[in-house]
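Topology and contacts: notes
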Amino acid sequence: ARKLLILERVVLDTGYTGVAVREVSKIDISDSENIVGVFRSRREISDFLYKTSHEYNLCPKLLGIEKGKNACFSYHLGKCKGACIKRELPIAYNIRFEQAFYKKKIQRWKFEGPIIIKDGDEGFVVDKWCVLGKLDSQSVISDLSDDYVFDLDSYKILQRFLSQNHN
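These lines cover the structure that appears in this document, whether it is placed above or below. Everything numeric in this text was worked out from a predicted model, so none of it was measured. (Residues numbered from 1 in each chain as written. Predicted model: local features only at pLDDT ≥ 70, side-chain atom pairs only at ≥ 80, totals over all residues. Heavy atoms only, no water.)

Some words on helix α4 (residues 152-163)
Stated formally: Strands are runs of DSSP state E lasting at least two residues, helices are runs of H or I lasting at least four, and both sets are numbered from the N terminus onward. In this scheme, a helix's expected span is set at 1.5 Å multiplied by one less than its residue total. Exposure is judged per residue with a 1.4 Å probe applied to protein chains only, and the accessible area is read against the type maximum: over 50% gives exposed, under 20% gives buried, and values in between give partly exposed. Arc, as used here, means the arc of the directions from the helix axis to the C-beta atoms. Only heavy atoms enter the contact rule, under which two residues are in contact if any of them lie within 4.5 Å. Two N or O atoms form a polar contact when they lie within 3.5 Å of each other; inside protein one atom must be a possible hydrogen donor and the other a possible acceptor, and for residues adjacent in sequence the pair counts only when both atoms belong to side chains.
If you check α4, its first and last C-alpha atoms are 16 Å apart, about what 12 residues at 1.5 Å a residue would give, namely 16 Å. Listing the buried residues of α4 in full gives L152, Y155, L158 and L162. Seen from one end, α4 has its buried residues packed into an arc of 125 degrees, which puts them on one side. Within α4, the exposed residues directed more than 90 degrees away from the buried face are I157 and R160. The secondary structure elements touched by the buried residues of α4 are β1 (4-11), β3 (35-39), β4 (115-119), β5 (122-127) and β6 (130-135). By the N-cap criterion, in which a side-chain oxygen at the helix start approaches the backbone nitrogen of a residue two or three places on, α4 is capped by D151, the distance to D153 being 3.3 Å.

So, the sheet that holds β1
Condition: One bridge is not enough; two strands pair if DSSP finds at least two bridges between them. Axes here mean lines fitted to C-alpha atoms, for a helix over just the part in contact, with angles spanning 0 to 180 degrees between N-to-C directions.
Pairing is antiparallel across the open sheet formed by 3 strands, whose spatial order is β2-β1-β3. Edge positions in the open sheet fall to β2 (17-24) and β3, since each of these has one partner strand only. Along the sheet, successive strands turn relative to each other by an average axial angle of 25 degrees, direction set aside. In terms of strand pairing, β1 meets β2 through 8 bridges, oriented antiparallel. From the neighbouring strand, R9 faces β2, where its bridge partner is V19. Lying on the sheet, helix α3 (residues 90-101) is in contact with β1, β2 and β3; it crosses β2 at an angle near 40 degrees.

Okay, structure coming up:
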């Protein structure tokens, strides 16, 4: 199985929210609350973090993309509001952090349990973004599994499909 890189939300000793990168072979869907991004490469993570830090005025030091003991470089440019040197309240920073990562994080499953997604006469049994089985044209469920294996491509397809109003 191909390895994935996940960004996890971590609360730093200072009360500010940061991220930690972890390589995984599979994602435990019960851990999804703290996963703020799923990526295929370190380059993809790096590009995302740089873009996000600039777009939302997040501190590159707190995101792990800059080192050092004093204020980050972005603070001197007026881009960071000073979380790195405790000039910004953690709550203000953390709210921006949540806004910045909202689109990338694994969204909450909005159904009570498994659902069936029909495609013509056939379909799929899906729960918590995981495809658990197939539904044939006679409405017989086959290959049913209780193993919740998160797949990034399936997640993106399901999310796009379920976000369309007519589905």
